[in-house]
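Topology and contacts: notes
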Amino acid sequence: MLGCDVKLYLPSPPHKSIQFPGGLNLDVGHFYGSVARGVWGQTVLPATVARDKLDVFWGPAHRLPAQLPRTLPRVVTIHDLVWIHSAATMRRRTWLGERIFMDSAVHAADIVVADSNATARDIEKRYVGLRGPVVTAYPGATALNVDAGSTIRERHSLSRPYALFVGTFEPRKNLPQLLRAYALQPPAVRATCMLAIIGGSGWRSSGLPTIITELGLSEDVKLIGYVSEGDLGFLYANARFLVMPSLYEGFGLPIVESNALGVPALVSDRSCLPEIGGAAALCVDARNEIALAEGFRTLAMDDALHDRLASHARANADRFQWHKFAETMVEVFERAITMRNQV
């Protein structure tokens, strides 16, 4: 743990599939549901933290308890500002929670951590007069098993090369636009490269099968849904390229996961995606279906460009490693302790 003793506070028992590394101290409550967890986070949690006399407190996702001990250094990670940039794509309750709790957390923190430089700049622009700096700490990506999903192509009729979308099906992922762009492809392109869409169903995602049918794409687009980790690794490794046309992202984990397996990406030119895609991505204006269609056609048909981007994929993925993230966070914690002690 890089010389750190770590205590993890949870409002309720974690799912049985989650395996924690050794050396963690767990404090697990029995608060179930969003309201109960909210109460726990603002009452039980700060009281428990005060009792435990921590050196530093880290809120890993947009929240800090309001009643932490005054002398306790505190750090918060902000993964994105979806509630500002893509508010229309959020449920009302989620939007209100972000607006209320993120503002107080950012202003209370000694240091704010962001997942990308683009998000860090957004935070600095939105929140003026913070107590301390905004620091970027790139998350890592866990290596995926690429062998376990060897039958998934047959199960989902992926009979020829395919481009791959990975993500929760929700409005800001821009999937209807991707489908319309794919429908613009000449028959030769669609015969050369299918489109496989995988991920869990999210908010306002129920219309995708209808769009696929109405556009006449049922033979060329496979709406696969959620897959196992083994199937995910296999699909990444065997894709022609990843396509991520999001309207807004705070990071872009599928880019890193696909790059780690040597697969390049077609990404939106918005938010952090060009930053995360680096030299292994082709960036297009994904709000424009013509531009998105042209980008898709280019990566599907231009072998020289595809291979050039693919040659940079693994080196690009190497920028995002968990040990680098951990080292950065330890430096952040030490800096926060120094700052609080100087107050």
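Up top is the structure.
Predicted model, so just to flag it, every value in this text is computed and none were measured.

Each value, and the rule that gives it
Residues numbered from 1 in each chain as written. Predicted model: local features only at pLDDT ≥ 70, side-chain atom pairs only at ≥ 80, totals over all residues. Heavy atoms only, no water. Core = buried A, V, L, I, M, F, W, Y, C linked by side-chain atoms within 4.5 Å. Buried < 20%, exposed > 50% of the residue type's maximum accessible area, 1.4 Å probe, protein only. Helix = DSSP H or I, 4+ residues; strand = E, 2+ residues; numbered from the N terminus. Contact = heavy atoms within 4.5 Å. Phe/Tyr/Trp six-rings, centres within 6.5 Å; stacked < 30°, edge-to-face > 60°. Salt bridge = Lys/Arg side-chain N within 4 Å of Asp/Glu carboxyl O. Arc of directions from axis to C-beta. Pairing = 2+ DSSP bridges. Axes fitted to C-alpha atoms, helices over the stretch in contact; angles between N-to-C directions. Expected span 1.5 Å × (residues − 1). Polar contact = N/O pair within 3.5 Å; in protein donor to acceptor, adjacent residues only side chain to side chain. Left-handed = near helix turned anticlockwise from the far one by under 90°. Nonpolar A, V, L, I, M, F, W, Y, C, P; charged D, E, K, R; others polar.

This next bit is on the nonpolar core. In terms of nonpolar packing, the biggest core is built from 32 residues, with Y162, L164, I198, L235 and I276 touching the most fellow members. Elements represented by at least two residues in this core include exactly β7 (162-166), β8 (194-198), α10 (229-238), β10 (241-244), α11 (253-259), β11 (265-268) and α12 (273-277). Looking at this core element by element, the count peaks at 4 residues for α10. Those residues within four positions of I198 in sequence are excluded, and the remaining contacts are L164, F165, V166, G167, F169, I224, G225, V227, L232 and L235. Of all hydrophobic cores here, the second largest spans 28 residues; its members include A181, V284, A286 and L309.

What follows covers the packing of aromatic side chains. Each aromatic ring pair is specified by the distance between its two centres and by the angle formed by the two planes. Across all of its chains, the model carries 7 aromatic pairs by this definition. Here Y138 and F320 contribute two aromatic rings whose centre-to-centre distance is 4.9 Å and whose plane-to-plane angle is 70 degrees, an arrangement assigned as edge-to-face. Taken together, the residues Y138 in the loop between β6 (134-136) and α6 (152-155) and F320 in the loop between α15 (313-317) and α16 (322-341) connect sequence positions 182 residues apart.

When charged atoms on two side chains of opposite charge get close, those side chains can pair. Following the criterion strictly, the structure yields 14 salt bridges and no others. With a closest N to O distance of 3.0 Å, D52 and K7 form a salt bridge. On the criterion of sequence distance, the pair formed by D52 in helix α2 (residues 44-52) and K7 in strand β1 (residues 6-10) is long-range, its members being 45 residues apart. Looking at D52, the relative accessible area reads 22%, which means it is partly exposed. Between K173 and E249 there is a salt bridge whose closest N-O contact spans 2.6 Å. Of the two residues, K173 is situated in the loop between β7 and α7 (175-183) and E249 in the loop between β10 and α11; the sequence distance between them amounts to 76 residues. Salt bridges sharing common partners tie together K7, D27, R51 and D52.

Here the focus is α2. Of the residues making up α2, those classed as buried are L45, P46, T48 and V49. Seen from one end, α2 has its buried residues packed into an arc of 160 degrees, which puts them on one side. Structurally, α2 contributes buried residues whose contacts are with β1, β2 (24-28), α1 (34-42) and β3 (57-59). Within two residues after α2, K53 carries a phi angle of roughly 50 degrees, on the positive side.

Once that is clear, we can look at the sheet that holds strand β5 (residues 111-114). Pairing is parallel across the open sheet formed by 4 strands, whose spatial order is β3-β4-β5-β6. Two strands bound the open sheet, and with one partner strand each, they are β3 and β6. Between one strand and the next, the sheet's axes are offset by a mean angle of 25 degrees, whatever the strand orientation. As paired elements, β3 and strand β4 (residues 74-78) share 3 bridges and run parallel to each other. If you follow G59 over to β4, its bridge partner there is V76. Contacting β4 and β5, helix α4 (residues 92-108) runs over the sheet at an angle of about 135 degrees to β4.

The next thing to look at is helix α13 (residues 289-301). With 13 residues, α13 should cover 18 Å at 1.5 Å per step; its first-to-last C-alpha distance of 18 Å lies within 8% of that length. If you check the start of α13, you find a side-chain oxygen 2.8 Å away from the backbone N of I290, and it comes from N288.

We now examine unusual backbone geometry. At H62, a position not held by glycine, the phi torsion is positive, near 75 degrees. Relative to the assigned elements, H62 resides in the loop between β3 and β4. Unusually for a residue other than glycine, S271 sits at a positive phi of about 50 degrees. Within the secondary structure, S271 is located in the loop between β11 and α12.

The angle between the axes and the distance between the axes are what describe a pair of packed helices. Running from N to C, α7 and α13 point in directions that differ by 65 degrees, and their axes come no closer than 8 Å. Considering the relative orientation of α7 and α13, their crossing is right-handed. Residues Q177, L178, R180, A181 and Y182 of α7 form the contact with α13, whose participating residues are E289, L292, A293 and F296. Tallied by class, residues from the contact of α7 with α13 come to 6 nonpolar, 1 polar and 2 charged.

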